[in-house]
Each structure stands twice: as structure tokens, then as C-alpha cells.
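Residue-level structure breakdown
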Amino acid sequence: MPAMVVFGRRWRIASDDLVFPGAFELFIRAVWWIVTLVVYTNHKGRFDCQGGTYLHNYLVVLLVLLGVIILTLCAIVYISAQGTIMNPGPRRSVPALVYLRALLYVPELVWACLGAVWVSDSSTGCKPEEVGAVIAAVVSSWIILLSMAVGVLVVFDPLGSQRPGAPPDAPRGVRDLESSESSQLFYTAHTVASRVWESRLRLLCCCLPQDNNHRAAFSSIAQLVSGFFLDTDLVPSDIAAGLALLHQEQDKMEHCRDPDEVLSHSPSSPIREDLEVELEKAAHFMKFAAAAYGWPLYVYSNPLTGLCKLSGDCCRSRQAEYDLVGGDSLGCHFTSILQSTGLQYRDFIHISFHNQIYEIPFYVALDHKREAVLVAVRGTLSLKDVLTDLSAECENLSVEGVSGTCYAHKGISQAAHYIYKRLVNDGILSQAFNIAPEYKLVICGHSLGAGAASLLAVLLRSTHPTLQCYAFSPPGACFWLLFSHFHWFVFCFCRLSIPNMEDLKRRLLKMVSNCSKPKYKILMRGCWYELFGGDPDDFPTELENRREEVLNQPLLGEESLLVQRSNTYQSLSSDDSPAHPTHLPLYLPGCILHITEDGPARRHCFAPVRYRAEWSSETSFRNVLISPRMVADHMPDVVLRALRSLTREQPFALCPSSTSNSHLNVI
């Protein structure tokens, strides 16, 4: 930070990012130089083959060229390792060294071509080791040149073209004029960035149909992604270093935290009984939510026996059964659902694995054990589901019987309305309650399916006032209006939401701004900490007064597109919450049960896992926590395993509700 400006444009790389690639190339060049020197020394004066004189001159020039490149790389690595992320001053000569290193590629390319010509035309009669040395030099040169070309494409920033700002010594009127134009420049940059990201999404999703829904989703996601880091000058390595610092800071604060104060309750305590009952229900319904993923999750969860159990039924025609449940696009999914849930095929009312953007799979079945008409919604499993997830802007949600304006996550809202229309307009729920009129309605889902299930419950509340919704690991943003009177239970709450990501960006900026270590040390320590553990580094946690004034300005180069002050950096020197949030905060209503691993943060791979369950509130999930297991812990099989462990073996701590005790600490 800031991004390096060379060849008249910004790149997605900073001047302190050249330590590792430079050191790697330096090692390769040093070995290459030593091998060439050995070959030249052993055959000096004995190049008596047809092209011996040419070979002698070739090796001499190659040694000199490699020596100059090695010296240049040493300077690049040394200078790039100086300073800190926020202090690029000691690295101001890096661009000049980059120009020099780029210039040295020209003679290297020429010499590689000359070496190839000599091998093909003049190597007759020369010793094999001499010819092999030249061939190795030519191949190595081309590999390095090709790697450099790929690297340039990787760090190329389509938005990196520069428009010079006003110089520091310019008259005040010029600077004011430049400042007045910055809003228009920012809008232009955002527009261009949106187009670039939309093109990337179209390329990534080239196999998907380019209908109106997909085009709208591409545009919406591009607007969201392009504007996230637009007001900063972060490069990918800055983000990686910030995440490493945040994880160690979280662990350090966890180690310093006082032990939880948990009130003791007898086994007959209403709080404990309520929690145990709900855990049993949650484990039961999570089984159906996981089954909605179909055969991929079943095979993943049963790697040794899954294929064998499914193969026979998948190959056998079950058209009559499919007609009975009225499904579509079933394939092996129906068999896996039968295996996972233990239901009979006659218990299913409808199964749909139709999947498009804003249209996610679900099934409806009769759960005789709990006397419920069960609607299970599948979570994210396909690229189309990812696009639904990322369509995260707010849209109005019309709820019957609720006054006031309601907003919801667009992708989840569209998916919920799709299922609602299928259930109501196609008569699926009517068919189910005609068979079992005394049953209650239960809706469940995991991840994206949990968010859709929550909104679906809102839509069906007026006609089914006693329904229950069990949402497992839902997105952290579904509603703007809370329905506190609704009987829901939300398990393993997911922290991912746009406001939480904005908060993560601010905390990340604060960490990299405070750290006084060079980036390469942060990344090396972070990798070691993630792989082998140990004690977290003692990084500062508060802003230093001498840096607050600097942080009020964007951390951008002199010739940045942004001239006005950045809201992201303005908020760093104030309180933890920005005065004007850029995105409307969305919440998920209901009773939240937080389940975490109990015990040390790091354990042996085969050590038994103990879990802890406690009531919590939405306000406890306003921050994103960094963990190497954050993705694995979100998986449906892990959630199901945790719930089954809590209900069967009881190796867990039960904590009272946070509504009645202010001392509750969320882990």
C-alpha cells in the first residue's frame, strides 16, 4: 500500500510485494549462474567444436547478464523488504529498479533466441554437457519470460490508468477545482469498475443462459463488488496481511478474556429443558435440511458406502414413484433423500431439483414423527445459487398484516417468492394438508436455504400462524424489520452480510495501519500461525495519535482517481461505527442458538470434539471472525454432526438466555 505505479498506471501489487517473487527468482538465477560458471570453467580453452568460439562468447555474456540480473534482484528484494505497509517511503526506489529489471528482459530474450539458433545450427561435434547447458539456459529463459508474462496479466489492473491530480504546490483555486471534480471521477471509476466486473462474471458464467434474470444478477453483483474496495488503495496482499493480523488479534483477545460466568441450573430448570428440547428438534430437522442437497452431500458424507447405496436405485427406473411425488430433475437425488431421512417414498408430496438463478430446489414431505408438513429448502450448491447469494441489494418485501416498510436480501427474497408460488399456486401445500389436516407446518433449510426458509415463513405466516421455521447457518442479513413475535429458531448464525463486510474492511484497514512490521514478515508469521499454531504476535490494537491525521486521507498514490476524503478512512479515527452506513443493515429474526466448539482453539485432528450451546442475540454477530475453519464449519454435515453430538452424547455446556442475564459472552 499504496499500489505501485509504473509504466503510467497502477497495478494490483505494492512495492513491498516483490520480496517473495524476487527471492524465488534470485534463487533460480543463482543456481543457474553457478551451473553456467562450472560448465564454462571446466571447458575453458577447450571449445574446439564447430561452434566453439560462438559457444565461448555465449557463455561469457550469459554469465555477465545473469550477474547483472542477480544484483538487480538483490536490490529489489532488499529495498522491497524495507518500511511497513503504511510507510512506503523507504521503498521509493522500487519503481526505478522495476524499470531496470524489465529492461534486462530484452537482452535475455535476444540471448535465448541466439542460444536456440546455435543449438539447431552450430552444435555439431560439441560435447553433450555443453549442448545441454545451452539448452537448459534457453528453456529456463523462456520459462521465466512466460512466467513473467502470466504474472503481468495477474497483477494488471483494468482500472489502473492514471489521471494526474493537482500537484501539492498548485494554487489553491486549482486544488479546489480538482476537489470539486473528484465526485465525478469517483462515479466514472465506479462505472468502469462495474463494467469490468460484469464482463468477468459473464466470462466466468459463460455456460449459463444469458437471460434477463442473469443479466440483472450480473449487473447487481458487479455494482456490489466493484464499490467495495474502490475508496481504498488496498492490493490483494494487503488484504491477506490484514486477515492474518485480525486472526491473531482475535485469538489474543480470546486468550485474555475472562472465563465465562455461567449460572448453574439444575436438570429440571426450565431454561435447560427448553434448550434441550429445541436441540433435539433442531437435530431432527437439520437431517431434512441436509437431505435437500441430494446425492452430492450424501456421497461426500459417506465416501465409502455412498456410491454403492445409490448405484442400484439410480440405475433402476422409478418413474411411477417420481410421478407419485410430482418431482422434476430428480436423478439420484430422490434415492439419497430416502437414505438420509428414513422416510418412505409415499411420505413425499413434492420434490423439485429445478435450479436456476432465484429458483432453488426444495421438497415437501410428511414427517409423521413430529406430525409436521415439512418444507425443506436446499442451500448453495451450484453456480446459479452463488449468483443468487451475491444478489445482495435490498428490495421491498410486502408482508400481509405487517405495517411499515420491510426490506429483504434481493436474491433470497426472489427465491422465497418462487417457492411460495410453487407451494400455493400449484396446490402443493393444499395437497399435503388434505392428507394430514392435523399436522403443523415446519420450514427448514441450511445456508441460502435457511434465508429462503425464513422469508418463506414470513410469506406463509398469515395462512399458517402456528408454523415454525428452523434456519441453520443462514446469511447474516435477511430482514430490515424484526418479527420478534414469530416462533423461529436460528442455529449456527452466519456472520456474512454487507454491513459486516464493511466492518471487516474497516477493522482490516485499522490493523494494517497500526502494524509496524514489514508485510513479508506478517505473511510469513501468518502462514506459520495458521499451519502450526503458537502464540499470536503482540500487535498494537489502538490507533497511534500520530497517525490519525494521515488516516483521515485516502491511502492512495499522488495520481489517484480519488481526491476527496474517503469515508472508509474518515471512520478510522472516529468511533467503531461509521456515522452514515453505506448499506441498510438487515437482520434475521427469531431465537438464535449459538453452537461452538468447547475447548482449546487448536486441537489434534483426531481429538474428540466437544460442543457448547447457548442462547444468543443478533447483536452478538455484528462482526466477521477470521478462522481457518470458517468455511468448513458452515458445511451442512458439520452442523448436523454437532447437533447430533449435542443431543446424543451431551458433551456440552448449556448457558442461560442472554435476555435475562447481561453477563453472557458469545464465543
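Residues numbered from 1 in each chain as written. Predicted model: local features only at pLDDT ≥ 70, side-chain atom pairs only at ≥ 80, totals over all residues. Heavy atoms only, no water.

Overview of the overall build of the protein
On a plain count of helices and strands, the protein comes out with 22 helices and 14 strands. By the burial criterion, 49% of the 667 residues in the protein qualify as buried. By sequence separation, contacts in the protein at least 24 residues apart represent 73% of the contacts at least 6 residues apart. Of the roughly 31900 Å² of accessible surface on the protein, 60% is carried by carbon and sulfur atoms. (Helix = DSSP H or I, 4+ residues; strand = E, 2+ residues; numbered from the N terminus. Buried < 20%, exposed > 50% of the residue type's maximum accessible area, 1.4 Å probe, protein only. Contact = heavy atoms within 4.5 Å. Areas by Shrake-Rupley, 256 points an atom, 1.4 Å probe, with all protein chains shown as cover.)

Some details on the pattern of salt bridges
Any two side chains of opposite charge can pair if their charged atoms end up close together. Taken as a whole and judged by the stated rule, the model has 18 salt bridges. Here Asp17 ties to Lys519 by a salt bridge, and the two come within 2.8 Å at their closest N and O atoms. A residue pair is termed long-range when its members are at least 10 positions apart, and Asp17 in the loop between β2 (9–14) and α1 (19–42) and Lys519 in helix α19 (residues 519–532) qualify at 502 residues. Side by side, Asp17 and Lys519 carry an identical accessibility label, which is buried. With a closest N to O distance of 2.6 Å, Glu25 and Arg101 form a salt bridge. Of this pair, Glu25 sits in helix α1 while Arg101 sits in helix α3 (residues 94–121), and the two are 76 residues apart along the sequence. (Salt bridge = Lys/Arg side-chain N within 4 Å of Asp/Glu carboxyl O.)

As for the UniProt feature "transmembrane region" (unreviewed entry) in the protein
In the numbering adopted here, UniProt assigns the feature "transmembrane region" (unreviewed entry) to residues 18–40, 60–81, 102–119 and 131–156. Counting secondary structure, residues 18–40 comes out at 96% helix and 0% strand; the distance between its end C-alpha atoms is 31 Å. The span residues 60–81 shows a helical share of 95% and a strand share of 0%, and its end C-alpha atoms are spaced 32 Å apart. (UniProt positions renumbered as here; feature names shortened; annotations may be inferred.)

Digging into the packing of aromatic side chains
Taken as a whole and assessed by the stated rule, the structure comprises seven aromatic pairs. Ring centres of Trp11 and Phe156 lie 5.8 Å apart, and the angle between their planes is 75°; on these two criteria the pair is classed as edge-to-face. One end of the pair, Trp11, is in strand β2; the other, Phe156, is in strand β3 (residues 156–161), and 145 residues separate them in sequence. Grouping aromatic residues by their ring pairs yields a cluster made of Phe334, Phe348 and Tyr363. (Phe/Tyr/Trp six-rings, centres within 6.5 Å; stacked < 30°, edge-to-face > 60°.)

Digging into the confidence of the model for the protein
Overall, the prediction assigns the protein a mean pLDDT of 77, with 74% of residues at 70 or greater. Confidence scores differ between elements of the protein, with strand β14 (residues 654–655) showing the lowest mean pLDDT of 41 and strand β6 (residues 372–377) the highest of 96. Long-range and interchain partners of residues 259–271, a stretch whose pLDDT sits below 50, account for 19 contacts in this model, where long-range means more than four residues apart. (pLDDT = per-residue confidence, 0-100.)

Some words on the environment of Ala137
Along the chain, the position of Ala137 falls in helix α4 (residues 128–155). For the pair Ala137 and Trp32, spaced 105 residues apart in sequence, the C-alpha to C-alpha distance is 7.8 Å. With residues up to four places along the chain from it excluded, the contact list for Ala137 reads Trp32, Tyr58 and Leu62.

Considering unusual backbone geometry
Notably, Phe7 is not glycine yet its phi reads approximately 55°, a positive angle. Of the residues examined, Phe7 reaches a relative accessible area of 51% and is grouped as exposed.

Concerning the pairing of β6
Consecutive side chains of a regular strand alternate in pointing toward one face of the sheet and then the other. With respect to burial, β6 is a largely interior element, six of its six residues being buried. Burial of β6 is two-sided: the residues Ala372, Leu374 and Ala376 facing one way and the residues Val373, Val375 and Val377 facing the other way are all buried. As judged from the six bridges shared by strand β5 (residues 362–367) and β6, these two strands associate in the antiparallel manner. Bridged to Tyr363 within β6 is Ala376. The antiparallel hairpin formed by β5 and β6 contains four residues in its connecting segment, where Glu371 sits at a positive phi of about 50°. Where β6 and strand β9 (residues 440–446) come together, six bridges link them in parallel fashion. For Ala376, the partnering residue across the bridge sits in β9 and is Cys444. (Pairing = 2+ DSSP bridges.)

Structural notes on helix α18 (residues 498–514)
Over its 17 residues, α18 runs 24 Å from end to end, which matches the ideal 24 Å to within 8%, given 1.5 Å per residue. Within α18, 15 of the 17 residues are buried, which leaves it mostly tucked inside the rest of the structure. (Expected span 1.5 Å × (residues − 1).)

Looking at the packing of α1 against helix α2 (residues 52–80)
Running from N to C, α1 and α2 point in directions that differ by 155°, and their axes come no closer than 9 Å. Here α1 lies roughly antiparallel to α2, going by the angle between them. Judged by the sense of rotation from one axis to the other, the crossing of α1 with α2 is left-handed. (Axes fitted to C-alpha atoms, helices over the stretch in contact; angles between N-to-C directions. Parallel < 35°, antiparallel > 145°, perpendicular 65-115°, else oblique. Left-handed = near helix turned anticlockwise from the far one by under 90°.)

Quick word on helix α17 (residues 448–460)
Over its 13 residues, α17 extends 18 Å from the first C-alpha to the last, a length consistent with the 18 Å expected when each residue adds 1.5 Å. Across the 13 residues that make up α17, a large majority, 13, are buried.

Some points on the pairing of β5
When you tally the buried positions in β5, you get six out of six residues, the bulk of the element. Alternating positions in β5 separate into two faces, Phe362, Val364 and Leu366 on one and Tyr363, Ala365 and Asp367 on the other, with burial throughout. For strand β4 (residues 348–352) and β5, the ladder comprises four bridges, and the chain directions are antiparallel. The partner of Phe348 across the bridge, within β5, is Ala365.

Quick notes on the packing of α1 against α3
Here α1 crosses α3 at 35°, and the two axes come no closer than 16 Å. Considering how the two elements wind past one another, α1 and α3 form a crossing that is left-handed. For the pair α1 and α3, contact is made by Glu25, Arg29 and Trp32 and by Arg101, Tyr105 and Glu108, respectively.

Some details on the state of the cysteines
Summed over the entire model, instances satisfying the criterion amount to zero disulfides. A disulfide-free cysteine, Cys444 has its sulfur positioned 8.2 Å from the sulfur of Cys469, the nearest such atom. Under the relative-accessibility criterion, Cys444 is labelled buried at 0%. (Disulfide = S-S within 2.5 Å.)

Focus on the sheet that holds strand β1 (residues 3–6)
Spatial ordering of the open sheet is given by β1-β2-β3, a layout of three strands whose pairing is antiparallel. The open sheet has two free edges, formed respectively by β1 and β3, since each of these has just one partner strand. When strand polarity is set aside, the average angle formed by the axes of neighbouring strands in this sheet is 40°. Of the strand pairs in this sheet, β2 and β3 are connected by two bridges, and their pairing is antiparallel. Note on β3: the bridge partner recorded for Arg9 is Ser161. Set on the sheet, α4 makes contact with β2 and β3; between it and β2 the angle comes to about 105°.

What to know about the nonpolar core
Formed by 40 residues in total, the largest nonpolar core has its most connected members in Phe348, Tyr363, Cys444, Phe472 and Leu643. Looking at this core element by element, the count peaks at 10 residues for helix α9 (residues 270–291). In contact with Tyr363, not counting residues within four places along its chain, are Phe288, Ala291, Ala292, Ile337, Thr341, Phe348, His350, Ile351, Leu374, Val375 and Ala376. Listed in part, the 37 residues of the second largest apolar core include Ile412, Ile443, Leu460 and Leu467. (Core = buried A, V, L, I, M, F, W, Y, C linked by side-chain atoms within 4.5 Å.)

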